[in-house]
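# Observations on the model geometry
Single-letter residue listing:
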Amino acid sequence: MEKTAHSKVYRKIAYILSGIIGLLVLYLWFGGIFYGDIYSDNSINSFRAISWFDRLLGGQSTPIDWFGHIPGWALLSFHDAPPLVFFIQHIFFFILGPTLLATRLPYVLAGLASVFLIYYFVKKIYNQKIAIFTALTFSINSYAVWAALAGYLEGIQQIFIVLAFFFLFLFLQNDYKEKYLYLWSGFLALSLISKYTSLFLLLPPFIFVVLEYKKIFKKVSYKKIILAVSIFFVILSPVIIYNLNVYKTRGHLDAALSSMIGMRADDFSTLAGRKADFNLWGNFNSTVSTIFANNSYPFALVILFSFVWLIVKIARRKNTKFDLYLVVNIASFFLLFSFFGSAARFVSIITPLASIALGLALYDWYLLTKENRFRKIITSAYVSLAILILFFEMFYAYNTNVLRKPVGLENKTYSSYKIKNNGFNQLEDYIRKNIIINLPKKQSPRNLADLNFSNEDFVGRNVIIYDDRINWFAQYWYFQKYLNYYRLPVISTSYLAPSGPALKIKDLQEVSGKDVYYVYPIREDVLDTTRKANSEIVSISVNLAEKLDALKVPYEIIKNIDREDVFRIYKISSEYSLRILY
């Protein structure tokens with residue numbers, strides 16, 4: 001009776017602790033969703049996903065620039081990346097509007113869905129205990145959380161990597177059942193039309209076909225193989241059709257594929273330096289360093305130990321088939337990135353496989369501690385150490401991804417890749433509450449004529465002029481979406497330049513009949529490194545602010561989340577505009 005009572009108490013305590021950890025994990029993933037600004041590739045990707053419109057200035061031309069309109073085939077993909085993640089984001093923007101929530105929510109949901117999928121599949125392959133270990137290590141992995149909140153394509157790509165990874169193994173494990181073959185081919189294709197770096201998933205099937213070809217071809221007919229291949233190419237067809245037409249009309253592939261194979265394309269001049277290189281050790285070392293830069297040091301270290309542990313098990317022939325399969329996939333990943341470099345967003349797709357390897361290793365090491373005659377002491381010490389490492393990683397993840405002001409030292413208690421709040425989100429909040437209160441009907445530009453504006457687009461609307469020195473990426477999300485998709489008068493200071501349209505503030509005000517607002521940055525960290533070095537851009541922007549100050553034009557201060565002054569928003573009414581040269 002006493003044992004039964006004790007077991008019930010322990011079970012209740014376990015449920016309570018599990019509930020608390022579950023809530024902490026949810027807060028870890030959702031807690032930073034509104035914190036960081038959007039100021040990198042996530043900005044230009046989200047900008048284009050809003051209206052399914054592919055155009056970027058600054059050395060990256062697209063079909064609308066080449067032909068003056070967007071041909072039907074050009075709507076199938078994008079000039080620098082495949083289309084699936086854009087499509088998923090497009091759906092969220094359609095439902096939630098062009099908001100920060102819609103930008104990040106699909107990535108966070110994809111990350112949490114991966115937690116569940118890892119648990120589900122590992123439980124199917126092993127047991128519930130190991131499944132909990134692997135799912136837990138992924139759910140608190142700071143790098144995985146960062147990948148979701150950063151909003152890069154990889155944050156959604158990794159869910160298709162997880163599905164393709166597990167379905168191929170289930171095909172190999174379960175007597176080569178065709179349903180797993182079809183599911184694998186489908187999700188492999190989906191991972192590739194999310195991001196081409198999923199190419200590392202192509203090597204493992206070839207290796208296992210070589211190892212098990214007699215069994216596979218004995219069980220799987222050619223018709224089933226042809227059907228699986230057909231599923232793969234049908235799903236991949238938008239990218240294939242797009243690239244065939246780009247090659248036919250422009251003589252190169254899309255920017256991503258051109259970079260990967262070293263094909264120089266003048267249409268993508270700013271990306272001309274990107275290509276595969278053969279500094280294998282340097283790239284490998286950089287990839288490992290990237291993992292350490294995005295996780296706490298102890299957690300990253302045990303991840304590497306878990307990779308080594310898998311190799312040791314294989315060398316000692318004490319591995320399971322899944323151990324071998326996992327090693328082949330991890331090795332394929334490192335092989336790919338030994339050729340293509342290791343930007344933090346690229347390497348983040350290793351987090352599911354790394355977490356699975358670590359979860360398996362933690363369980364293996366736990367079993368090993370129980371085989372020693374000092375097992376009580378060693379097991380207690382091991383469990384304590386493992387809990388300490390996991391809790392420190394969770395703290396590191398909170399410090400990096402949730403807390404406004406991280407505790408401790410950079411790269412010790414939080415990552416240098418922490419997403420920053422420089423004040424852009426606060427700027428947009430002010431604009432939406434005070435200047436652009438209601439959005440008109442959204443347009444989807446399909447030719448260059450759709451981007452031309454007339455006086456009618458200015459009538460009765462506040463005009464926003466923003467300093468063109470502001471971060472080039474951030475401009476797309478925080479300003480250009482209003483101009484391109486809602487035909488609102490939101491323009492940069494370059495429109496005032498003599499070498500440009502040479503618009504005048506007094507004329508803009510006369511046409512609009514409303515006030516003109518000038519967004520002027522006063523902190524260095526919101527400026528673009530290239531644009532702030534352009535003398536013409538600097539001259540117009542700074543001179544305009546100095547003139548407004550001399551006229552004592554009123555302004556509002558926009559502060560970042562740390563209450564630091566970041567932007568001035570000058571409100572230029574008619575009494576001032578007549579006295580401004582621009």
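Summary of the structure given here. These figures come from a predicted structure and were not determined experimentally.

## Focus: the pattern of salt bridges
Proximity of charged atoms lets side chains of opposite charge pair with each other. Inspection of every chain in the model, using the stated rule, returns 22 salt bridges. The partner of Lys219 in a salt bridge is Asp175, and the shortest N-O contact between them spans 3.3 Å. Taken as a pair, Lys219 in helix α10 (residues 203-219) and Asp175 in the loop between α8 (154-173) and α9 (178-192) lie far apart in primary sequence, 44 residues in all. The exposure class of Asp175 is partly exposed, given its relative accessible area of 43%. Residue Asp507 is joined to Lys506 by a salt bridge in which the shortest nitrogen-to-oxygen separation is 3.3 Å. Three or more residues are tied together by salt bridges with common partners; here these are Arg48, Asp54 and Asp80.

## Focus: the sheet that holds strand β3 (residues 516-521)
Strand order across the open sheet formed by five strands is β2-β1-β3-β5-β4, with mixed pairing between neighbours. A single partner strand is all that each edge strand has here, and the edge strands are β2 (490-492) and β4 (555-559). Between one strand and the next, the sheet's axes are offset by a mean angle of 25°, whatever the strand orientation. Pairing analysis gives six bridges linking β3 to strand β5 (residues 565-572), with the strands arranged antiparallel.

## Comments concerning empty space enclosed by the protein
Inspection of the entire model under this criterion finds two cavities of 30 Å³ or more. Taken together, Trp52, Phe53, Asp54, Pro63, Ile64, Ile70, Ala74, Leu75, Ser77, Phe78 and Tyr242 make up the full set of residues lining the largest cavity. A breakdown of the residues in the lining of the largest cavity according to their chemical character gives nine nonpolar, one polar and one charged. Looking at the second largest cavity, its volume works out to about 50 Å³. Contributing to the lining of the second largest cavity are Trp29, Gly111, Phe138, Ala144, Ala147, Ala148, Glu154, Gly155, Gln158, Ser348 and Thr351.

## Description of unusual backbone geometry
Backbone geometry places Trp52, a non-glycine residue, at a positive phi of 50°. Looking at the element boundaries, Trp52 is found in the loop between α2 (41-51) and α3 (63-67). For Trp52, a relative accessible area of 15% translates into the label buried. If you check the backbone angles, Asp175 has positive phi at about 60° while not being a glycine.

## Observations concerning the nonpolar core
Side chains of nonpolar character tend, in soluble globular proteins, to be buried together. Counting 165 residues, the largest nonpolar core has Trp29, Phe322 and Leu326 as the members making the most contacts within it. It is α8 that provides the largest number of residues to this core, a total of 15 residues. Those residues within four positions of Trp29 in sequence are excluded, and the remaining contacts are Val108, Gly111, Leu112, Val115, Phe138, Ser139, Ala144, Val145, Ala148 and Leu149. In terms of nonpolar packing, the next biggest core, distinct from the first, is built from 21 residues, Leu508, Tyr518, Leu551 and Val553 among them.

## Describing a positive patch on the surface
A cluster of basic residues, Lys129, Lys370, Arg375 and Lys376, forms a positive patch on the protein surface. With respect to the element layout, Arg375 can be found in helix α18 (residues 375-401).

## Describing the packing of aromatic side chains
Enumeration according to the criterion identifies 52 aromatic pairs in this entry. Pairing Phe67 with Trp73 gives two aromatic rings, centres 6.1 Å apart and planes at 80°, and the pair type is edge-to-face. Of the residues examined, Phe67 reaches a relative accessible area of 30% and is grouped as partly exposed. Above the face of the Tyr152 ring, Arg345 is positioned so that its terminal group lies 5.7 Å from the ring centre. Over the ring of Trp477 we find Lys481; its NZ or CZ atom is 3.6 Å from the centre of that ring.

Conventions adopted
Residues numbered from 1 in each chain as written. Predicted model: local features only at pLDDT ≥ 70, side-chain atom pairs only at ≥ 80, totals over all residues. Heavy atoms only, no water. Salt bridge = Lys/Arg side-chain N within 4 Å of Asp/Glu carboxyl O. Helix = DSSP H or I, 4+ residues; strand = E, 2+ residues; numbered from the N terminus. Buried < 20%, exposed > 50% of the residue type's maximum accessible area, 1.4 Å probe, protein only. Pairing = 2+ DSSP bridges. Axes fitted to C-alpha atoms, helices over the stretch in contact; angles between N-to-C directions. 1 Å grid on protein atoms, 1.4 Å probe; cavity = no way out; pocket = protein on both sides within 12 Å on 5 of 7 lines; lining within 4 Å. Points joined across faces, edges and corners; volume = space filled by probe spheres on them. Nonpolar A, V, L, I, M, F, W, Y, C, P; charged D, E, K, R; others polar. Core = buried A, V, L, I, M, F, W, Y, C linked by side-chain atoms within 4.5 Å. Contact = heavy atoms within 4.5 Å. Patch = residues over 30% accessible without salt bridge, like charges linked within 9 Å, V, L, I, M, F, W, Y side chains within 5 Å. Areas by Shrake-Rupley, 256 points an atom, 1.4 Å probe, with all protein chains shown as cover. Lys, Arg positive; Asp, Glu negative; His and termini not counted. Charge placed at Lys NZ, Arg CZ, Asp CG, Glu CD. Phe/Tyr/Trp six-rings, centres within 6.5 Å; stacked < 30°, edge-to-face > 60°. Lys NZ or Arg CZ within 6 Å of the ring centre and 35° of its normal.

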